[in-house]
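# Chain and residue survey
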There are 2 protein chains.
Amino acid sequence: MSRLDLTNGKVEMAHGGGGRAMAQLISQLFARAFDNEWLAQGNDQAQLSLPAGRLAFASDSHVVSPLFFPGGDIGSLAVHGTLNDLAMCGARPHALSVGFILEEGFALAELARIVESMAQASREANVPIVTGDTKVVERGKGDGVFINTSGVGIVPEGLDLSGDRARPGDCILLSGSVGDHGACILTQRESLGFAADIRSDSCALHRLTQAMVAQVPQLRCMRDPTRGGLANTLNELAQQSGVGMQLEEAAIPVIQPVQAVCELLGLDPLYLANEGKLIAICPPEQAPMLLDLMRARPEGQAAAIIGTVTADPQQFVQLRTRFGGNRLLDWLNSEPLPRIC
Amino acid sequence: MSRLDLTNGKVEMAHGGGGRAMAQLISQLFARAFDNEWLAQGNDQAQLSLPAGRLAFASDSHVVSPLFFPGGDIGSLAVHGTLNDLAMCGARPHALSVGFILEEGFALAELARIVESMAQASREANVPIVTGDTKVVERGKGDGVFINTSGVGIVPEGLDLSGDRARPGDCILLSGSVGDHGACILTQRESLGFAADIRSDSCALHRLTQAMVAQVPQLRCMRDPTRGGLANTLNELAQQSGVGMQLEEAAIPVIQPVQAVCELLGLDPLYLANEGKLIAICPPEQAPMLLDLMRARPEGQAAAIIGTVTADPQQFVQLRTRFGGNRLLDWLNSEPLPRIC
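Residues numbered from 1 in each chain as written. Chains lettered and ligands numbered in written order. Predicted model: local features only at pLDDT ≥ 70, side-chain atom pairs only at ≥ 80, totals over all residues. Heavy atoms only, no water.

Worth spelling out the cut-off: UniProt positions are given in the numbering used here, feature names are shortened, and annotations may be inferred rather than shown by experiment.
Under an unreviewed UniProt entry, chain A has the name Hydrogenase expression/formation protein HypE and belongs to Marinobacterium iners DSM 11526. Quoted verbatim from the Sequence similarities (unreviewed entry) field of the UniProt record, the comment on chain A reads "Belongs to the HypE family."

This is how it looks when you write it as structure tokens:
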């Protein structure tokens, strides 16, 4: 089999054609980078021996533009995104799949950079990419690369986390500052005329969540506020649980460069996407312990208690502003930025 | 929440934006059609109670063009494709995920038709679609709709099917005629000037495979010859197992309209994609029983023993032609048709 030209080569239609060219791409790029026993078997599925327990199963497609940004790229984002969806129910992630949809003409060097980034994120998380699929579409029918990652994990015995379990009186915790990923992508996409120096917060949260559920199994739910940001995600949870929420603006961490970009463009950081943050809701008695535990880890060092769950048949999420007023955090029609993840 | 206009509406960027518009699409279209307890929970992952056993995990993205064709559409194809990847290791499929990548401006009526087709395929297979994700890309950055399906299943105790297990002397069985899907897509795409009336063979094979592994647990491997067709798939298996193969052309079923289209266009049906066929390799003693069992089911009624595994360090797949000669079935660079699945 000839060598793939990872320096000057381009994606060709044949790379998705089920013959030698596709086998070459898989063996010389994907299987080499993701290197594990399941991919080495070369079957169309992976067979995994998992510990006993409920299976968590999640899937996320990624179409972020641009493909590369400070703090990550579509590859690391795709790994973190699905790991985090698994982690939010308390599961320990065990394996990921990857489905590439490549556009004809895409540089193999860029693809290799993305694949290496996925491999690194997978190694750091200690969760292998065990199966996958590659399709190629004609020039102008895609946009470089789209990546689906799906994943499986095992939920420890005795846990039952779900977005419909928030109860009035519960505390709402947030693991760190909001808006970093959204503001990062925004500054990359627009010509803002200044170097905003904002990095995406994209990271894997499963080690943090495993520590949380081990110490505080009474947790009601966790969710990562990705597209739609903190505000839309809290509205989702309020609706699922049939409750209201009262937040304290002063308690919600926003880093200064994100605040500055938002002020410049008239955006609200509470509606911008995050890719390495989580919301946790727990009974008030456990909140101080949970907060300490989150702050003790790097992924949660800026964690804060940002509000409480209220009894509200209208399921309003409200924000007490720094000036003492109360503002409705409405559920918007959409994230302000398309293709944020 | 307002009503989605499924008659005249179009996909908008907001439908992938993580706010009300996306929630509307999920609740009024996806969750309604796929209707099950996991989607109804509204979490970012599904939690499944599965029987004990090894987990099979597979993923496939689908970019077929055109989206609708005789015998199916991208929706049913996406369900069958992943079910079949799970089935090929003998697993019983338990759940699927779906990731949509939609192009802005795509008609919601067409999306609804595809979703209903997925729902029907999922019901017929008795495998629910339990979790998913929706992204939207700008007009001209996609092609209507791309669909990733991933799936999980459980492998019955004692089975060990893998493409590296074929041994010299083994029999090679095929479940039915080859080239139907490829020829169907081809006739839809080209203006052939005659009504070829070829339907895709897209169908779910997991009931057939479960019957096969229950009766013949000695099975070495199964694989569905999708992209690249029978010839490329057998070459893959020969390489994985380090063996050769000797096929009998006269034993390989090809329906007359497929043969006619292939002759007209100078194509070989052995290289055309199939979406409802499988190759099975087993020790010779079990072959007659396996063949009877396959023929007793509708998915396998045209099953045949098409050849034997040989000892060949060059790993050649050879075909004894109807005229008595021997022809090398080479591993081609690519499927002749792009975007076949």
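### Observations concerning helix α8 (residues 256-265) of chain A
Owing to its 3.6 residues per turn, the α-helix brings residues three or four apart onto one side. Residues and elements named next belong to chain A. How we decide: Only protein chains enter the accessibility calculation, which uses a 1.4 Å probe; a residue whose area is less than 20% of its type maximum is buried, one above 50% is exposed, and one in between is partly exposed. Note on conventions: DSSP H or I runs of at least 4 residues are helices, E runs of at least 2 residues are strands, and numbering of each starts at the N terminus. Regarding the arc, it is the one traced by the directions from the helix axis to the C-beta atoms. For this analysis, residues touch if any pair of their heavy atoms sits within 4.5 Å.
Among all positions of α8, only Val258, Val261 and Cys262 are buried. Down the axis of α8, the buried set is contained in an arc of 100°. They therefore lie on one face. Opposite the buried face of α8, by more than 90 degrees, sit the exposed residues Gln256, Glu263 and Leu264. The secondary structure elements touched by the buried residues of α8 are α5 (180-189). Looking one or two residues beyond α8, the residue adopting positive phi is glycine 266, at roughly 70°.

### Some remarks on the packing of aromatic side chains
Residues and elements named next belong to chain A. For clarity, the cut-off: Pairs were defined over the aromatic rings of Phe, Tyr and Trp, the Trp ring being its six-membered one, requiring ring centres within 6.5 Å. Orientation was assigned from the angle between planes: stacked under 30 degrees, edge-to-face over 60, tilted for the rest.
Taken as a whole, this structure holds 5 aromatic pairs over all chains when the rule is applied. Aromatic pair phenylalanine 30 and phenylalanine 34: ring centres 6.5 Å apart, planes at 5°, arrangement stacked. On the criterion of helical spacing, the pair formed by phenylalanine 30 and phenylalanine 34 is a turn pair, its members being 4 residues apart in helix α1 (residues 20-34). Exposure class is identical for phenylalanine 30 and phenylalanine 34. Each is buried.

### A short note on the packing of α5 of chain A against α8 of chain A
Residues and elements named next belong to chain A. Selection criterion: Here, axes are lines fitted to C-alpha atoms. For helices the fit covers the stretch in contact, and angles between N-to-C directions go from 0 to 180 degrees. When describing relative orientation, an angle under 35 degrees is termed roughly parallel and one over 145 degrees roughly antiparallel, while 65 to 115 degrees is termed roughly perpendicular and anything else oblique. Note: crossing handedness is left-handed where the near helix turns anticlockwise from the far helix by less than a right angle, and right-handed where it turns clockwise. Gly falls in the polar group here, along with every residue not listed as nonpolar (Ala, Val, Leu, Ile, Met, Phe, Trp, Tyr, Cys, Pro) or charged (Asp, Glu, Lys, Arg).
The interhelical angle for the contact between α5 and α8, taken along N-to-C directions, is 60°, at an axis separation of 10 Å. Classified by the angle their axes make, α5 and α8 are oblique. Both α5 and α8 take part in a crossing whose hand is left-handed. On α8, the residues touching Asp180, Ala183, Leu186 and Thr187 of α5 are Val258, Val261 and Leu265. Split into classes, the residues belonging to the contact of α5 with α8 amount to 5 nonpolar, 1 polar and 1 charged.

### Brief notes about the interface of chain B and chain A
Where the parts come together, the accessible area they lose is often given as the size of the interface. Let me state the cut-off plainly: A 1.4 Å probe defines the accessible area here, and the buried area is the portion of it lost by two parts on being joined, summed over both. Put simply, a salt bridge is a Lys or Arg side-chain nitrogen that is within 4 Å of an Asp or Glu carboxyl oxygen. Polar contact is defined as a pair of N or O atoms within 3.5 Å, subject to the rule that within protein one atom must be able to donate a hydrogen and the other to accept it, and that residues adjacent in sequence are counted only when both atoms are side-chain atoms. A pair of strands is treated as paired once DSSP finds two or more bridges between them.
Each partner contributes to the interface: chain B provides 76 residues, whereas chain A provides 76 residues. Of all residues in chain B, Gln47, Phe57 and Arg227 of chain B give up the largest surface area on contact with chain A, accounting jointly for 13% of the area buried on that side. Counting every contact that joins chain B to chain A gives 10 salt bridges. The shortest N-O distance in the salt bridge between arginine 227 of chain A and aspartate 133 of chain B comes to 2.9 Å. Put simply, chain B and chain A have 47 residue pairs in polar contact (both at pLDDT 80 or more) between them. Put simply, the parts of the chain that give the side of chain B that touches chain A at least two residues each are α1 (20-34), β1 (46-48), β2 (54-62), β5 (92-103), β6 (129-137), β7 (145-155) and α7 (229-241) of chain B. Bridge analysis of strand β1 (residues 46-48) of chain A against β2 of chain B gives 3 bridges, and the strand direction is antiparallel. Bridging across to β2 of chain B, glutamine 47 of chain A finds its partner in alanine 56 of chain B.

### With respect to the pattern of salt bridges
Scanning the entire structure with this criterion turns up 28 salt bridges over all chains. Taking the shortest distance from any N to any O, the salt bridge between aspartate 60 of chain B and lysine 135 of chain A comes out at 3.5 Å. Here lysine 135 of chain A lies in strand β6 (residues 129-137) and aspartate 60 of chain B lies in strand β2, a pairing that spans two chains. Across this residue pair, the class does not change: aspartate 60 of chain B and lysine 135 of chain A are buried. We note a salt bridge from arginine 339 of chain A to glutamate 138 of chain B, for which the minimum N-O separation is 2.6 Å. Remark: glutamate 138 of chain B occurs in the loop between β6 and β7 and arginine 339 of chain A occurs in the segment after β14 (326-328); the pair is interchain, linking two chains. The class for glutamate 138 of chain B is partly exposed, based on a relative accessible area of 26%. Several salt bridges share partner residues, and in doing so they unite Asp60 and Arg227 of chain A together with Asp133 and Lys135 of chain B into one network.

### A few points about the UniProt feature "domain: PurM-like N-terminal" (unreviewed entry) in chain A
UniProt's entry tags residues 42-155 of chain A with the feature "domain: PurM-like N-terminal" (unreviewed entry), counted in the numbering of this structure. The span residues 42-155 of chain A carries 28% helix and 42% strand; its end-to-end C-alpha distance comes to 29 Å.

### Things to note about the nonpolar core
All names here are of chain B. Rules: Buried Ala, Val, Leu, Ile, Met, Phe, Trp, Tyr and Cys residues that are joined via side-chain atoms within 4.5 Å together make up what is termed a nonpolar core.
Grouped together as the largest cluster of nonpolar side chains are 50 residues, with contacts concentrated most on Phe34, Phe100, Leu111, Met118, Val145 and Ile147. In terms of residues, this core owes the most to one element, helix α4 (residues 108-125), which gives 9 residues. The residues contacting isoleucine 147, other than those within four sequence positions of it, are Asp60, Ser61, His62, Ile74, Gly75, Ala78, Val98, Gly99, Phe100, Ile114 and Met118.

### Details of the relation of the copies chain B and chain A
Both copies of the chain are related by a screw-like operation: a rotation about an axis and a shift along it. To keep it simple, the criterion reads: Least-squares superposition of the copies uses the C-alpha atoms of those residues scoring a pLDDT of at least 70 in each of them.
The transformation that overlays chain B on chain A combines an axial shift of 0.0 Å with a rotation of 180°, and the residual RMSD is 0.0 Å. Such a turn and shift between the copies fits a two-fold axis. Within chain B, the C-alpha atom positioned nearest to the axis of rotation is that of glycine 142 of chain B, 2.2 Å from it.

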